[in-house]
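One letter stands for each residue in the lines below.
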Amino acid sequence: MHEHAIHPVSPEWAAKAKIDAETYALKYRASIDDPDSFWLGEAQRLDWMQQPTKIKNTSFDRDDFRIKWFEDGTLNLATNCLDRHLEKRGQDVAIIWEPDHPDTPNRIITYDQLYKDVCRFANTLKADGVKKGDRVTIYLPMVPEAAVAMLACARIGAVHSIVFAGFSPDALAQRINDCDSQIVLTADEGLRGGKKVPLKANVDAACEKANVRTVIMLRHTGADVPMVEGRDVDWHDAIEPHNAECPPAEMNAEDPLFILYTSGSTGQPKGVLHTTGGYALWASMTHEYVFDYRPGEVYWCAADIGWVTGHSYVVYGPLANGATTLMFEGVPNYPDFSRFWQVVDKYKVEQFYTAPTALRALMREGDEWVKKTSRKSLRILGSVGEPINPEAWDWYYNVVGDGRCPIADTWWQTETGGHMIAPLPGAHSLKPGAAAFPLFGVQPALVDPTDGHIVEGATEGALVILDSWPGQMRTVYGDHDRFIQTYFTQYPGKYFTGDGARRDEDGYYWITGRIDDVINVSGHRMGTAEVESALVEHPCVAEAAVVGMPHDVKGQGIYAFVTTTATTDNSEELRKELVQWVRKEIGPIATPDVVQFAPGLPKTRSGKIMRRILRKIAENDTGNLGDISTLADPGVVDDLLANSPHAK
Ligand code: WT7
């Protein structure tokens, strides 16, 4: 069907991997046939204060809806990531921190040291009045203190809500308010690719719209920033009086661990809530099996802690497994395009995990940047965040991995807590571009989007998951109805992922991308409605419709159709201003790639925007627009076509 080679499991991998083909088949069957004993067994990877006796208690039926895992077990995730490693591995490196610029000193933090830092910061939070269940907003750059803050929250049972340090003050304020968090942890400035990000100034602006009691600020770049008396405190002053022993809170497996906001198909981001036991198990298990991780190996996930990948695969999964996790502050192209591979060589990284968008950006610069580094240490390469096109897959495999390293294309979501569909390096032949097979306990299925019935065999459809898995989100913070509505209503009794997928004749899953109103920009999720509401906030904008467009590097770009008010002059200046406006309202990741002025949008007689047409224009696939006879004014389409940048 395509010319890209299939890569069978090498004999060496089959012999040495933690999971070979036979083990995968046996374990997968067991996980479905007898989930209670399978998951009680897997739960032993964690240290429990109280062993669970009730394992799986879940139903996706509307009338009997429940998702509970290990509900009578108690544990603490910070203990699992720290205390239990101290005896054997206290002197082992927990975190390697590599700064933005290679000439800045790095930091090497052992488990002993991390334990102390976490306890001290946990005591600091307690002294500020933070109690079990309270929400703590974290708006920090990629520095070890971010991991310290997460684990300190976990230690005392506070619920962290990390806001990506590239989000605007408005986006930050909205997230602080939604979960009513009284405390914000930040830094003076962030640093990425040599550019400074004014984090403290952003927090100050956000605090004008939010009710914040305390801001703890880490000095990172040393910028001179104003401090608000009675509210702001310097991180080092704050921790100074506290000691490095803090007893862990005993948490029920179903107690909340964190909230992470993610975009959906409406204007308001959703607070995805994960709980303690099931999430911990999922992050740890998937990290071990998918990356074939063994203690002592240096593992690097290049994601930011502001995204779920950073939660599960920079911090919780690796640390629960006693791993050495590399935390990178910088970007792939600074100071030059060799940066990733130089860092791999510097620390002898064995597992490397990044997003296709980074690979596509590096691929364009030529192979020399890669070839001049050794990369001998690499054993396995991971991909996450968006479909990886077979060209980028082949480049990753042949150029970065020198044809030696299996690629784990991991499909999952903020909602799933960790990997769901991914090839296991010792078990599955690899097909470039396929996420391959479900992990233990995951039951994917394809449904016909028109009537929701399950379709079998080699076919395409909407991707659903038939039953719960331990790492599943439990609710949308503060809005359980929205949780049910978003994920369990379209196809009743099934979890709807929002993605489309194809299953081939060998049973491999190929994720084709979002089929809802979400676009995936550089592996980051953006709701079209969010960008639209930012645009209509502008005084010159009457109406806006946003769709995704193909983009060589980002995967998808943002294409905005904008109708301005009657008195507005649709100038080039205004177009630029609107682009800046969205950046300021949401953050640089939401920057529109195209703004097209449109005197009218294609609407049905009932006023619904026909997005199908806008998508086709954005994709420059205008040969067949389909039936437009139900439009209130079919004439608007001619104008849209004539003024599309593709037409010029
Ligand atoms: C959406 C989830 C998963 C952590 C980072 C993104 C897309 C993710 C893959 C993949 C194809 C992928 C899906 C999914 N996606 N991984 N390997 N192949 N698509 O998390 O922001 O919650 O986005 O990212 O469309 O629904 P997220």
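So, how was this worked out
- Residues numbered from 1 in each chain as written.
- Predicted model: local features only at pLDDT ≥ 70, side-chain atom pairs only at ≥ 80, totals over all residues.
- Heavy atoms only, no water.
- UniProt positions renumbered as here; feature names shortened; annotations may be inferred.
- Pairing = 2+ DSSP bridges.
- Helix = DSSP H or I, 4+ residues; strand = E, 2+ residues; numbered from the N terminus.
- Buried < 20%, exposed > 50% of the residue type's maximum accessible area, 1.4 Å probe, protein only.
- Contact = heavy atoms within 4.5 Å.
- Salt bridge = Lys/Arg side-chain N within 4 Å of Asp/Glu carboxyl O.
- Near = heavy atom within 4 Å.
- Polar contact = N/O pair within 3.5 Å; in protein donor to acceptor, adjacent residues only side chain to side chain.
- Areas by Shrake-Rupley, 256 points an atom, 1.4 Å probe, with all protein chains shown as cover.
- Nonpolar A, V, L, I, M, F, W, Y, C, P; charged D, E, K, R; others polar.
- Right-handed = clockwise from strand over helix to strand, strands pointing away.

An unreviewed UniProt entry lists the protein chain under the name Acetyl-coenzyme A synthetase, from Aurantiacibacter flavus. Among the UniProt annotations of the protein chain, the heading Sequence similarities (unreviewed entry) holds the following wording: "Belongs to the ATP-dependent AMP-binding enzyme family." Annotation of the protein chain in UniProt includes, under Cofactor (unreviewed entry), the sentence "Mg(2+)".

Spatially, the five strands line up as an open sheet ordered S22-S21-S23-S25-S26, and their pairing is antiparallel. The sheet is open, and its two borders are formed by strand S22 (454–455) and strand S26 (509–514), each paired with just one other strand. Bridge analysis of strand S21 (residues 444–447) against S22 gives two bridges, and the strand direction is antiparallel. Bridging across to S22, leucine 446 finds its partner in valine 455.

Before going further, it helps to examine the UniProt feature "binding site: ATP" (unreviewed entry) in the protein chain. Per the UniProt annotation, the sites labelled "binding site: ATP" (unreviewed entry) are Gly385, Glu386, Pro387, Asp409, Thr410, Trp411, Trp412, Gln413, Thr414, Asp499, Arg514 and Arg525. By the element assignment, proline 387 lies in the loop between strand S19 (380–384) and helix H16 (390–400). Take proline 387: its relative accessible area is 38%, and that puts it in the partly exposed class. With residues up to four places along the chain from it excluded, the contact list for proline 387 reads Pro356, Arg360, Ile511, Thr512 and Gly513. Along the chain, arginine 525 falls in strand S28 (residues 524–527).

In total, this model carries 40 salt bridges according to the counting rule given. Across the salt bridge formed by glutamate 98 and lysine 346, the nearest N and O atoms sit 3.0 Å from each other. Placement of glutamate 98 in strand S4 (residues 93–98) and of lysine 346 in helix H13 (residues 339–347) is noted, with a sequence separation of 248 residues between them.

It is worth spelling out the site of the ligand at this point. As a matter of local geometry, the ligand sits amid 17 residues, with Asp409, Thr410, Thr414, Asp499 and Arg525 nearest to it. Within the backbone of glutamate 386, an N or O atom sits 3.3 Å from a nitrogen atom of the ligand. Tryptophan 411 has a polar backbone atom sitting 3.5 Å from a nitrogen atom of the ligand. The protein chains hide 96% of the 550 Å² of surface that the ligand would expose on its own. Looking at the shell around the ligand, the elements that each hand over two or more residues are helix H12 (308–320), strand S20 (407–410) and S26. Grouping the amino acids of the shell around the ligand by side-chain chemistry returns six nonpolar, six polar and five charged.

Here we take up the pairing of strand S16 (residues 298–301). Along a regular strand, successive side chains alternate from one face of the sheet to the other. Burial along S16 is two-sided: the residues Val298 and Trp300 and Tyr299 and Cys301 are all buried. In this structure, S16 lies alongside strand S17 (residues 324–328), joined through three bridges in parallel fashion. Opposite tyrosine 299, over in S17, you have threonine 325 as the bridge partner. A crossover links S16 with its parallel partner S17, the connecting element being H12, and its sense is right-handed.

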